[in-house]
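# Commentary on secondary and tertiary structure
One letter stands for each residue in the lines below.
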There are 2 protein chains.
Amino acid sequence: MFEQLGLIGCGLMGGSFALALKRAGLVRRVVGYSKSPSTTARALQMGVIDVEAPSALLAVSGADLVLLAVPVAATENTLKAIRHLLDPRMLIMDVGSTKRDVVDAARRVLKNDVGLFVPAHPITGREVSGVENADPSLYAGRQVILTPIERTHPANVDRAEALWRALGCDVQRMSPEAHDAAFAAVSHLPHLIAFALVNGVMGQPEGEQFLSLAGPGFRDFSRIAASDPQLWRDVLIANREELARQTELFKHALGDFERLIAEGRADELERLINRASHARANWRLTPGPR
Amino acid sequence: MFEQLGLIGCGLMGGSFALALKRAGLVRRVVGYSKSPSTTARALQMGVIDVEAPSALLAVSGADLVLLAVPVAATENTLKAIRHLLDPRMLIMDVGSTKRDVVDAARRVLKNDVGLFVPAHPITGREVSGVENADPSLYAGRQVILTPIERTHPANVDRAEALWRALGCDVQRMSPEAHDAAFAAVSHLPHLIAFALVNGVMGQPEGEQFLSLAGPGFRDFSRIAASDPQLWRDVLIANREELARQTELFKHALGDFERLIAEGRADELERLINRASHARANWRLTPGPR
C-alpha cells in the first residue's frame, strides 16, 4: 500500500496506472502533473488524479511512489526536474519501451539516488493515446520487465515486483541491454515495418483504393501502424543500434524469400514459409489475456 | 437457388462455402471431391458435402454450380480434369487470392467455355486450414472481388454477384490486373513480410526467448505468418511481378525511415510516422464485420 503516487505524465499509460492502483486499493492519493494543463484538468475531472500539481517537482513532493509516464526522450529532463525532492523511502519507476537510454539518463541525473529508480517496461499499449483512453485494466494479465542495475536497491526492486504483481502482471527481470535487444526484434522492428508498409502503399497514386480493398489480415498486421507518433519517434531513435541490427536480419530474411519467389523455387519457398508458419502457430502470448 | 454444387477442394474455403450455401438455403445438394480421401470422408461426416465424388470430373457431373477451392497453382489441372463435363447452364467460380494466373489458365483450358467461369476472390481466411475448421460465417460481411474478362457471360457474372450477396458479402468487379496489383500491396506483401520477420527473429540464437517476450502488438502483426504454407507458396509465386514491385516500394519506404533514425532526425521521423499513423487510424475494414 502506498500513501501517495506522484504521477508525471497523465496520458494513456500513466492514467491507466493510477486507475489500476486505485481500483486495487494500493494507493491513498494521486498527485498528478502533465505538461499540458488540459490533460491534467481532464485527469482530475475523470478521477485519475486527486490533486493537480503545478510542476513535476511538486508532484513528487511527499510521494512514496513516483511514476514517470512520459515519452522516453523526456526522461532525462523529467528526472532533472524532480531530483531535488527525492526521498530515500521513494520507489521511482518509469514505463518506457526502451531501457538502456533510460538507465543511462537515471545514472547521469540521479547519481547517488539512482538506487531508488527501478526501470520498468509493461508490455501493453493501445493505438489510442491520451488520458481519455485510460483504462484500469490496461496492465492486467500483461508482462512487465524490470531492468535493475547493480546499484538499484534490491528492496525497491522487490517492492516494484510486488506492486506489478498486485496489478495482475507477470514480472521478469533482465538487463537493460537484453531488454533492448529483445524488444528491437519483437516490438520496435514490427512497428517500423508497419509504418513503412502503410507509407509505401499510401505513396502510390492508387494507394487509397488499394487500402479500401484490404481485409482482416491487413487490419491486424497494420494495427500498430496507428500508434502514437511522438512516442515511437523516441523509441526508434533511443534503440537505434539494436533496431538497425534487427532490421538487417529482417532484410536478409526477406531477401531469401525474394530470391526463391523470383526464381519460382516452390519447394524451398514452401519450406521457408513453413518455418515461419510453424513458429507463429506455436507461439502464445505470455501470460495470456485474462 | 442451385440444384447441385460441385465442390472441388473441401478445405477451409470450400467447406465454409458449402456450409454457408446450405445455411442460406441456396443449394439442394453438395457433391464434393478432395485430393485427400480423408478430407472428403471428414467433409461427408460433418455434413459439409452430401455425396463423395471419386474424381473432380464426377463432382462436376450434373452440377449447376461448381466451386474450385484448390491452391491457385492447381487451378489449371483442375480445369483440365473437369472440362469434358461442362454444361452451358453451369456457373463455375474459384476463390483464389490471385486472378491473372487463374484467368490465364481458364482461357487456355476452357477455350470456348471460358464464359462460364467467373473468377472470384473472397477477402477472408483464417490461420487454420482444413475442413475441420470450415465455418458457415467465414464469408459473411466480407468483400468479394469478381474479375470477369470480356468473354465471361454477363448473366453468369450477375448470378455470381447475387450468390455472394446472398451470403452477406459486398461484391466488387475489377480487372484481374487491377486485382493483383491491389492485393500484392495489401495482402501478399504483408504476408511475405510477416513470414520474413518471424524467420528473421527465429534465425537468432535468442530467437525463442525474444518471442516469449512479445506482446499484443506482435500477436496481431504476426498473425498472418501462421497462414497455410502451400496456399501462400502458390500465391507469392503466382503474383510475383506485382509482389516484387510492391516489395521494392516497401523497401524504399523502410529505407527512408532507417536514414532518419540513424541520423537521429527526430522531427522528420515523427512526420513520417505521423503519415502512417494517420492513414491507418482513418482506415476501416470495408464493409466491416457483422
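The structure contained in this document is the topic of the report that follows. (Residues numbered from 1 in each chain as written. Chains lettered and ligands numbered in written order. Predicted model: local features only at pLDDT ≥ 70, side-chain atom pairs only at ≥ 80, totals over all residues. Heavy atoms only, no water.)

Relative orientation of the contacting elements helix H10 (residues 229-238) of chain A and helix H12 (residues 266-281) of chain B amounts to 130°, with a least axis distance of 9 Å. One finds that H10 of chain A runs oblique with respect to H12 of chain B. Relative to H12 of chain B, H10 of chain A is oriented so that their crossing is right-handed. Within the contact between the two elements, H10 of chain A uses Pro229, Gln230, Trp232, Arg233, Leu236 and Ile237 of chain A and H12 of chain B uses Ala266, Leu269, Glu270, Ile273, Asn274 and Ser277 of chain B. Taken together, the residues of the contact of H10 of chain A with H12 of chain B sort by class into 7 nonpolar, 3 polar and 2 charged. (Axes fitted to C-alpha atoms, helices over the stretch in contact; angles between N-to-C directions. Helix = DSSP H or I, 4+ residues; strand = E, 2+ residues; numbered from the N terminus. Parallel < 35°, antiparallel > 145°, perpendicular 65-115°, else oblique. Left-handed = near helix turned anticlockwise from the far one by under 90°. Contact = heavy atoms within 4.5 Å. Nonpolar A, V, L, I, M, F, W, Y, C, P; charged D, E, K, R; others polar.)

Each side of the interface is counted separately: chain A has 83 residues, and chain B has 83 residues. Summing the contributions of chain A and of chain B, the shared interface buries around 7,400 Å²; its carbon and sulfur component is 70%. When residues of chain A are sorted by the area they lose upon contact with chain B, Leu213, Phe221 and Arg280 of chain A head the list and together hold 10% of the total. Our count for the contact surface shared by chain A and chain B stands at 6 salt bridges. Put simply, Lys251 of chain B and Glu258 of chain A hold a salt bridge, and the shortest N to O gap is 3.0 Å. Counting across the interface, chain A meets chain B through 32 residue pairs in polar contact (both at pLDDT 80 or more). Listing elements by their share of the side of chain A that touches chain B, those giving two or more residues are strand S8 (143-146), helix H7 (176-202), helix H8 (207-212), helix H9 (216-221), H10, helix H11 (240-262) and helix H12 (266-281) of chain A. The element that contributes the greatest number of residues to the side of chain A that touches chain B is H7 of chain A, accounting for 18 residues. Split by residue class, the side of chain A that touches chain B holds 50 nonpolar, 18 polar and 15 charged. (Buried area = accessible area lost by both parts, 1.4 Å probe. Salt bridge = Lys/Arg side-chain N within 4 Å of Asp/Glu carboxyl O. Polar contact = N/O pair within 3.5 Å; in protein donor to acceptor, adjacent residues only side chain to side chain.)

Looking now at the pattern of salt bridges. Where charged atoms of side chains with opposite charge meet at close range, the side chains can pair. In the structure shown here, the tally under the stated rule is 44 salt bridges over all chains. One salt bridge in this structure joins Glu161 of chain A and Arg173 of chain A, with 2.7 Å as the shortest N-O distance. Here the residue Glu161 of chain A occupies a position in helix H6 (residues 154-166), and Arg173 of chain A occupies one in strand S9 (residues 170-173), the gap between them amounting to 12 residues. Under the relative-accessibility criterion, Arg173 of chain A is labelled partly exposed at 43%. For Glu270 of chain B, the salt bridge identified is with Arg233 of chain A, shortest N-O distance 2.6 Å. With Glu270 of chain B in helix H12 and Arg233 of chain A in helix H10, this pair bridges two chains. Residue class for Arg233 of chain A comes out buried when judged on its relative accessible area of 13%. (Buried < 20%, exposed > 50% of the residue type's maximum accessible area, 1.4 Å probe, protein only.)

The analysis is restricted to geometry; functional conclusions fall outside its scope.
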